[in-house]
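# An overview of the molecular structure
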Amino acid sequence: MASATQTESIAGRLIGKLTGILERFRDVGEIRSLSPAEACSVAHDLRISPAQIETLVARGRHGADELPKMLKALGIDEVAIKRQEPGVLHDMRRVCALCIEKSRCNSELEAGTAALHHREYCANTYTIDSLEPKPDQTELQLRGPCCC
């Protein structure tokens, strides 16, 4: 038999989830009530298509929760990206929030295999690859031309 504390905890989590779902539906309703010109303006400001606005709103505040976990798994400093390239991080969040591979991503992150397999499913792969440190080539440049 579950204790009163456990029951309250479970009920609290369920109510929290239900509230979040209802808030998202309200927000989607607000998005749907925008005129086409307003929707285009919002989409332009966010650098997304008008069709993607509804998807982003439906996914809510946690639509890109996988991104920080993925960056950490890959050894990439999210704070440094935010400081040096805030637009890049914004785009990565948008891409993550619109991703259709959430289930696989979460499974790989939980299993600790995301760093090995992210190129197979992650829509941010090209950006991630551009952020990963490149091997230092100063030694090659200092040697001079190769004769053989």
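Provided above is the structure to which this section pertains.
Criteria and cut-off values
Residues numbered from 1 in each chain as written. Predicted model: local features only at pLDDT ≥ 70, side-chain atom pairs only at ≥ 80, totals over all residues. Heavy atoms only, no water. Helix = DSSP H or I, 4+ residues; strand = E, 2+ residues; numbered from the N terminus. Buried < 20%, exposed > 50% of the residue type's maximum accessible area, 1.4 Å probe, protein only. Contact = heavy atoms within 4.5 Å. Areas by Shrake-Rupley, 256 points an atom, 1.4 Å probe, with all protein chains shown as cover. Polar contact = N/O pair within 3.5 Å; in protein donor to acceptor, adjacent residues only side chain to side chain. 1 Å grid on protein atoms, 1.4 Å probe; cavity = no way out; pocket = protein on both sides within 12 Å on 5 of 7 lines; lining within 4 Å. Points joined across faces, edges and corners; volume = space filled by probe spheres on them. Nonpolar A, V, L, I, M, F, W, Y, C, P; charged D, E, K, R; others polar.

### Notes on the overall build of the chain
A count of helical and extended segments in the chain gives ten helices and zero strands. The order of helices and strands in the chain, counted from the N terminus, is α-α-α-α-α-α-α-α-α-α. Counting only residues that meet the buried cut, the chain has 24% of its 148 residues in that class. Taking the contacts inside the chain whose residues are at least 6 apart along the sequence as the reference set, 63% of them involve residues at least 24 apart. Counting every atom, the chain has about 10700 Å² of accessible surface; 58% of that belongs to carbon and sulfur.

### Describing the side chain of Glu66
Inspection of the secondary structure puts Glu66 in helix H4 (residues 66-73). Looking at Glu66, its side chain comes within polar contact range of the side chain of Lys102, at 2.8 Å. Not counting residues up to four positions away in its chain, the partners in contact with Glu66 are Cys96, Lys102, Cys105, Asn106 and Leu109.

### Some words on the layout of surface pockets
Which parts of space are left empty comes out when a probe the size of a water molecule is rolled across the atoms. Here the second largest pocket is characterised by a volume of approximately 240 Å³. Those elements that provide at least two residues to the lining of the second largest pocket are helix H3 (50-59) and helix H6 (86-97). Ranked by residue count, the leading element in the lining of the second largest pocket is H6, at four residues. Per-class residue counts for the lining of the second largest pocket are seven nonpolar, three polar and three charged.

### Overview of the environment of Thr127
If you trace the backbone, Thr127 turns up in helix H9 (residues 125-131). Judged by its relative accessible area of 27%, Thr127 falls in the partly exposed class. In the structure, Thr127 is positioned 36 residues away from Asp91 in sequence and 9.4 Å away in space, judged by C-alpha atoms. Discounting chain neighbours no more than four positions away, the residues touching Thr127 are Val88 and Met92.

### Remarks on empty space enclosed by the protein
Tallied over the full model, the rule gives one cavity of 30 Å³ or more. Estimates place the volume of the largest cavity at around 120 Å³. Lining the largest cavity we find 13 residues, and of these Glu66, Cys96, Cys99, Cys105 and Cys122 sit closest to its centre. Of all the secondary-structure elements, those providing two or more residues to the lining of the largest cavity are H4, H6 and helix H7 (102-111). Tallying contributions element by element places H4 first for the lining of the largest cavity, with three residues. Its residues placed into classes, the lining of the largest cavity shows nine nonpolar, one polar and three charged.

### Comments concerning the side chain of Thr125
Within the fold, Thr125 resides in helix H9. At a separation of 2.7 Å, a polar atom in the side chain of Thr125 contacts the main-chain carbonyl oxygen of Cys122. Setting aside residues up to four positions removed in sequence, Thr125 forms contacts with His118 and Arg119.

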